[in-house]
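The primary structure of each chain is shown beneath.
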Amino acid sequence: MAFGATAARAQQGADDAAAQDTELEEVIVTGSLITANPNLTRSAPVAVIEPEEMEFQGTLVAEEILREIPGVVPSIGQQVNNGNSGFSHVNLRGLGSNRNIVLIDGVRVVPSDLESIFDLNNIPLALVERIDVLTGGASTTYGADALGGVTNFITRKNFTGVEVNAGLGTTAEGDGDSKRVEVILGAGLDDDRGNVVMSIAYQKTDEVLQGSRDFSDTVNFYWNGNIGGSGLGSFNTRFGNVNPTGQDNANLTLGAVQPDDDGFAAAFTPFNYAPFNSFQTPFERYNVYAAGHYEITAGIEAYTRALFSRNTVTTLIAPSGSFGDTVVVSLNHPFLSDAQRNAFCAFDTDSAAGVYTPRFTQAECDAAGAAQDPSDPNYREVTTQLRRRNVEGGPRISDFVADYFDYQLGLRGNISDSINFDALVSYGQSSQVQTQKGYWLKSRFRNALRAGPNGCFADLASGCIPADYFGYTGAITEEMNAYLAGGESAITTKYDMLQVKGVIGGELDMVQAPWASDPVSFAVAGEYRDYTASRASDLLSQSGDLGGAGGASPNINGGYSVYEGVAEVLVPVVQDMEFAEQLNLEAGVRYSDYQVDAPEDPSYTTTTWKFGASWTPINDITLRGTFSRAVRAPNIEELFEPQTTLLDNLSVDPCASVNDQGVNSGFVPTGALRDVCIAQGAPVGAIGNIPQPAAGQVNYTTGGNLELVPEDSDSWTVGVILQPQLVPGLTVTVDYYDIKIDSSIEQPASQDAINACFENPSTSNAACTSIVRSPIDGSLSGDEAVVKGLPRFRSNTGNLRTRGIDFTASYGYDLSDEFRWSSRLVGNWTDISTFQAVTGISLNRDCVALYSSSCESIQPRFASNWRNTITWRGDLDVSLNWRYISRNKYENRATDEAFSGTPEGQGRSWDFNVTDAYHLFDLSLRYQVLENLSVTGVVSNLFDKHPPLTGAFIGATGYNSGNTYPSTFDTLGRRFSINARLSF
């Protein structure tokens, strides 16, 4: 993996000259603790993103810069609203955002969430000199979590003067406005014995709704292309197991009929949730960064760094409601019509026996309707499931406000002319408060349904009033909603990290190979890190009382510490010989001792190591390779999360017969399948009428596991660097990589949990009996307090593997005395990217170039960026970048063919089974107006190309949104930005 820029670098002021005059200039080599020998940088491929590339992209956040590197798989970012936790992550090689670490100047910084993932929104881009991305096992150098690699943000050093950066941006549609202001102040100290620098930055990005784009303003079902949506809306209130005699639909709809007909009806009208969702979430950030260093005495320097950010992200999704929650309906409810009451009473309690047995006789039903309260002997009630969306109340909103602080203090210097030391201590804390509003409370709509002609039977102190769940849109009045909504809830997440680190390294002057002129370089280090994290939820969030919140958020508290010892060595074996201009060998080892803060006091030790070599037989060619053993320790969420029931994507339940539109396929489970469905909790009377997962989402139960142990990974790379002297200015690199992770900490995918049971359905199969269905309608959706759904617990049973090829080609050529052409092609070809949750049992799924609910984020087979820049007199740069993503396919197309044709409401034909090769072009112009003023204009998506459409429900909710994949393909359309940089 490699990246870079080609245009002439803009004038940086006096910082370069100052750096040359500083004896203790910091040298940062990503991938090693050894910094004395620059040859080390040639043993492993490192993607380098230069300032020009960041400037030409016109991007405001680090996640968007990294996402465009070929080989990086899009993770959760600003394009995601349903599933966005307020953080932005990077996912190297598609191995998971929790399997790589983020560094600032080669040093860890405190994570932001309980999965030990750093929030890229905290990076002070104004002071970033370059970004290094090293993929593959880097645990020997940086410790656990670096299985996929590291992202190292290198900051500008020895800056003096003042620099102001300001920018504005918007889309061609006139929405999604962005603005930013960054001020950098720097000064030398005491005749250049030191330097201090500070940056203050503010940026804001406005929201772009899916309803503002013609390809996403309605939901299109992937299976038929029709305009659709969720089966849950105010106009299709559904109660489970309401099947009056003569009907075969166990989830009949009420309200979707003519106003003069107050009974139940099987009609279905999908709810269009698209206008409520975002293609760009609103974001606001305040960021302060300060750093300094001072030479205390000859050869001894103190340094420090402080980072503070406040980030605000707001997400909204379609309105709250009851999504299959268990409720009790009073048959004397004031808003229940006679026809609707009769339907409840006529439910067949034993349809499987072939004899119709109503719940209540007509006489009992009529008497129940006339009862006054539960003390009346004629009072009757029914237990059922409620599905109704709160369209009258507006969307569900989450405000994420995150504060981030990280401070570092260190001392470095020379022990001798060739040996140096570096010692530091750092402490960081991240804190995020998620405020949720716009949600119905389950306890309150239950109280509002258990009511009679004289009002509610409970919760009178909170002002309970009966709610009209039996009418049409608008039946839920403002007064009813005021009671049902019940205020806001909050979840606070905190993470603390203390780090102490010391390194001694340099050159062993008296130790060198016989055929080399340079001595052996080494580094030894010791580290201590202590992690503590917590999630504190208020009573509403803990109880799971929020309707449509996806499950409860129980409190989490945990921590662990680790002591580590490290040694690395670089040996120049041959130099300036006939068969080898240079031959270097490198090796490293790290020993780690983990102590988990738990009553059981679990602990474990790990040893990681690496070997590398680079050989330059002639100046034109360098061969390089590395092999490493890396580990990832379980994070705090994986260890300490209490057992909880959440939501995941699943379209097909083998026991189900009724789709999300209320249509019964006529399928009736028999034999072993029928027995399994019943053993999982489905009522006998529901067989043949079990609904598919509501809105393609199914309940699953998971939790932490204190018996988890670290994952193991083996990774290796082999590559070549070509710099032919016959073509001056040309550099070509090709690197093959292979990363394999064993004993990975995994949860089975929902489809894996289904397959484990239903490929061999049997009541003696533990994979079957561990699934828990609704006792009302037999579905896998509904009240998470009752419907535990699929078991998906964490264990060290999985494995992952990826392999492929990275390549780059860069070339610069002077066209004339005034014009220079620079070109750089960066590409990645991914051969495999496999995931298996339970080795030898679950499917070993290869998701390269595939998308589905199991293959979440698209990882294309081939991706590339090709930037060409023409520079005129060093003052004007015109740069065109071509981004390419190869064709991708729907994973289940052979058994579940998606729609092909012109979807309803769309203006052209699409095949939802494939996304054709995708081409985007970005144009950038930078002009040096004055010696200290440059202006850069960027047109992103120059030709206003729309994303390929896949339809809705074809993939995971967090990635398949707006009928496409907005984290992979451009959904905003043509965008314009202008940025100015003024220095003095």
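Calculation notes
Residues numbered from 1 in each chain as written. Predicted model: local features only at pLDDT ≥ 70, side-chain atom pairs only at ≥ 80, totals over all residues. Heavy atoms only, no water. Patch = residues over 30% accessible without salt bridge, like charges linked within 9 Å, V, L, I, M, F, W, Y side chains within 5 Å. Areas by Shrake-Rupley, 256 points an atom, 1.4 Å probe, with all protein chains shown as cover. Salt bridge = Lys/Arg side-chain N within 4 Å of Asp/Glu carboxyl O. Helix = DSSP H or I, 4+ residues; strand = E, 2+ residues; numbered from the N terminus. Buried < 20%, exposed > 50% of the residue type's maximum accessible area, 1.4 Å probe, protein only. Core = buried A, V, L, I, M, F, W, Y, C linked by side-chain atoms within 4.5 Å. Disulfide = S-S within 2.5 Å. pLDDT = per-residue confidence, 0-100. Contact = heavy atoms within 4.5 Å. Axes fitted to C-alpha atoms, helices over the stretch in contact; angles between N-to-C directions. Parallel < 35°, antiparallel > 145°, perpendicular 65-115°, else oblique. Left-handed = near helix turned anticlockwise from the far one by under 90°. Nonpolar A, V, L, I, M, F, W, Y, C, P; charged D, E, K, R; others polar.

**As for a nonpolar patch on the surface**
A contiguous nonpolar patch, built from L185, M198, I200, V288, F308, F405, Y407, L409, V425, Y427, L498 and V500 and spanning about 920 Å² of accessible area, is present on the exposed surface. For the nonpolar patch, the secondary structure elements donating two or more residues are β10 (194-205), β22 (396-414), β23 (419-437) and β26 (489-508). Considering every element that reaches the nonpolar patch, the biggest residue donor is β22, with three residues. Note on placement: M198 falls in strand β10. On the accessibility criterion, M198 (33% relative accessible area) is partly exposed.

**With respect to the nonpolar core**
L66, L120, I123, I131 and F153 are the most contacted members of the largest nonpolar core, which has 51 residues in total. One finds V80, V208, L920 and F953 within the second-largest nonpolar core, a separate group that totals 29 residues.

**Looking at the state of the cysteines**
All told, the structure shown has five disulfides when counted by the stated rule. Linked covalently through their sulfurs, C847 and C855 form a disulfide whose S-S length is 2.0 Å. Residues C847 and C855 are joined through a disulfide that is left-handed, its torsion about the S-S bond being -75°. Each member of the pair, C847 as well as C855, is classed as buried.

**Observations regarding the confidence of the model for the protein chain**
Averaged over the protein chain, the pLDDT score is 89; the fraction of residues at 70 or greater is 92%. At the low end of the mean pLDDT range in the protein chain sits helix α1 (residues 15-21), at 36; at the high end sits strand β46 (residues 914-915), at 98. Counting interchain partners and residues more than four positions distant, the pLDDT-below-50 stretch residues 1-23 has 70 contacts. Below pLDDT 50 for its whole length, residues 242-266 participates in 83 contacts with residues either more than four positions away or in separate chains.

**What to know about the packing of helix α5 (residues 338-345) against helix α6 (residues 362-370)**
When two helices pack together, their arrangement is given by the angle between the helix axes and by the axis-to-axis distance. Their axes nearest at 10 Å, the elements α5 and α6 cross at an angle of 130°. The angle between α5 and α6 places the two elements in the oblique class. Crossing of α5 over α6 shows right-handed handedness. Touching R341, N342 and C345 of α5 are Q362, C365, D366 and G369, all from α6. Looking at the contact of α5 with α6 residue by residue, the class counts come to two nonpolar, three polar and two charged.

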